[in-house]
Amino acid sequence: GDLFIFWMNDIHYLVTEAAQHVQPHGVLGIGMALVAIFGATFMMCLRQRRRQDCITKAIGNPSKMPCTVQSISLEGKIHDLMVYGTIKRNHVMTIVIPGNPGQGEYYQRFSIGLAKHHGYDTIALSYGNFGCSPPHGGVLSIEAEAKLKRLQLRALVEDHGCTLRLVGHSIGSWIVLECLKDPVIRAATVGVHLLFPFLACNERSWKQKTIGRLLALPAAHEVSLGLVRMICILPLAMRRLMLGLNDPE
């Protein structure tokens, strides 16, 4: 999505500045650096949204896919996960597992295109961090998200009698491979497609190293979680603007 492209390409200089700023200023430096990144992200998303609106006016939006909630229990907690598209019992379902930032809504145009041009019954799954409400007890790890997706896919197989065609994008490709370790899911899967897969950390990437060092700092988790909570309390329209989401007509 636009947010991922922006973080990985357009603000690497901000991340580098943050790494240099942290040592002399400690926790305050982390906070100031992340606030600067947050503000820069917002401005870039605003610019991208304006560009996207211009494209929308030129080519139009697809029809909005129906959105339902799938409730999954993980470690004693209920997670309400957004599902875009219609689940059809006893059908071969194409399941899109997103990349960053985990919103199934990003993939509506893609999913509708698969149905229109290839006849695939397609649904897109959002992650637990982007469900109906913020997750309790902090942000979910990528491992927890993979467990939720495995439980979602098993429910499609066991409760709805579906056969699966799995499509993973970016980090979603890694989650697809994790889900395929489940024998029930593996037996029910007829196809796997990995789009721009992000399957492992690249030790030669200075961007990944810099971000990794920042996230390893003692206060990084608390500051990051604070930013997530800040986003969650913003009005829905502002959140959608920051994530670059349009309302399909």
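Residues numbered from 1 in each chain as written. Predicted model: local features only at pLDDT ≥ 70, side-chain atom pairs only at ≥ 80, totals over all residues. Heavy atoms only, no water.

1. Topic: the overall build of the chain
Helices and strands together make up the secondary structure of the chain, namely nine helices and six strands. Partitioning the contacts of the chain with sequence separation of at least 6, the portion at a separation of at least 24 is 73%. For the chain, the accessible area works out to roughly 13600 Å², and carbon and sulfur atoms hold 60% of it. (Helix = DSSP H or I, 4+ residues; strand = E, 2+ residues; numbered from the N terminus. Contact = heavy atoms within 4.5 Å. Areas by Shrake-Rupley, 256 points an atom, 1.4 Å probe, with all protein chains shown as cover.)

2. Things to note about unusual backbone geometry
Even without being a glycine, Ser170 presents a positive backbone phi close to 55°. Inspection of the secondary structure puts Ser170 in the loop between β5 (163–169) and α5 (171–179). Owing to a relative accessible area of 9%, Ser170 belongs among the buried residues under this scheme. Located in the positive-phi region is Phe196, a residue other than glycine, with phi close to 45°. (Buried < 20%, exposed > 50% of the residue type's maximum accessible area, 1.4 Å probe, protein only.)

3. Some thoughts on the pairing of strand β4 (residues 121–125)
Counting buried positions over the five residues of β4 gives five, a clear majority of the element. On β4, burial covers both faces: Asp121, Ile123 and Leu125 on one face and Thr122 and Ala124 on the other are all buried. Bridge count for strand β2 (residues 77–84) against β4 is two bridges, and the pairing is antiparallel. Residue pairing across strands places Tyr84 opposite Ala124, the latter belonging to β4. Relative to β4, strand β3 (residues 92–97) runs parallel, the two sharing four bridges. Looking at the pairing, Met93 lines up with Asp121 of β4. (Pairing = 2+ DSSP bridges.)

4. Quick word on the sheet that holds β4
Where strands meet in a sheet, backbone hydrogen bonds hold them as pairs that are either parallel or antiparallel. Here six strands make up an open sheet; going across it, the order is β1-β2-β4-β3-β5-β6 and the pairing mixed. A strand with exactly one partner marks an edge of an open sheet, and here the two such strands are β1 (67–74) and β6 (189–195). Strand-to-strand twist in this sheet, taken as the mean axis angle between neighbours without regard to direction, amounts to 25°. Packing against the sheet, α5 makes contact with β3, β5 and β6, and its axis sits at approximately 145° to β5. (Axes fitted to C-alpha atoms, helices over the stretch in contact; angles between N-to-C directions.)

5. Looking at helix α3 (residues 108–118)
For α3, the set of buried residues is Gln108, Ser111, Gly113 and Leu114. Lining the buried residues of α3 we find β2, β3 and β4. Phi for Gly119, located one or two positions after α3, is positive at around 75°.

6. Describing the pairing of β1
Bridge count for β1 against β2 is eight bridges, and the pairing is antiparallel. Across the sheet, Thr68 pairs through a bridge with Val83, a residue of β2. Between β1 and the antiparallel strand that follows it, β2, lie two residues; Glu75 among them carries a positive phi value of about 50°.

7. Observations regarding the side chain of Glu145
Among the secondary structure elements, Glu145 is positioned in helix α4 (residues 142–160). Put simply, Glu145 is tucked away with no salt bridge, and the nearest opposite charge, on Lys149, sits 4.9 Å away. Within the structure, the side chain of Glu145 is placed 2.8 Å from the backbone nitrogen of Gly128, a separation counted as a polar contact. When sequence neighbours within four positions are dropped, the list of residues in contact with Glu145 reads Tyr127, Gly128, Asn129, Leu140 and Ile175. (Lys, Arg positive; Asp, Glu negative; His and termini not counted. Salt bridge = Lys/Arg side-chain N within 4 Å of Asp/Glu carboxyl O. Polar contact = N/O pair within 3.5 Å; in protein donor to acceptor, adjacent residues only side chain to side chain.)

8. Some words on the nonpolar core
In terms of nonpolar packing, the biggest core is built from 22 residues, with Ile95, Leu153, Leu164 and Leu166 touching the most fellow members. At the level of elements, β3, β4, α4, β5, α5 and α6 (183–188) are the ones that each hand at least two residues to this core. Considering every element that reaches this core, the biggest residue donor is α5, with five residues. Every residue in contact with Ile95, bar those within four places of it in the chain, is listed here: Ile123, Leu125, Leu153, Leu156, Leu164, Arg165, Leu166 and Val167. (Core = buried A, V, L, I, M, F, W, Y, C linked by side-chain atoms within 4.5 Å.)

9. With respect to the packing of aromatic side chains
All told, the structure shown has zero aromatic pairs when counted by the stated rule. For Arg165, the ring lying beneath its charged end belongs to Tyr120, and the centroid distance is 3.9 Å. (Phe/Tyr/Trp six-rings, centres within 6.5 Å; stacked < 30°, edge-to-face > 60°. Lys NZ or Arg CZ within 6 Å of the ring centre and 35° of its normal.)

10. Quick look at the environment of Gly212
Here Gly212 shows up in helix α7 (residues 206–216). Assessed through its relative accessible area of 36%, Gly212 is described here as partly exposed. Taking the C-alpha atoms as reference, Gly212 lies 10.0 Å from Cys201; in sequence the two are 11 residues apart.

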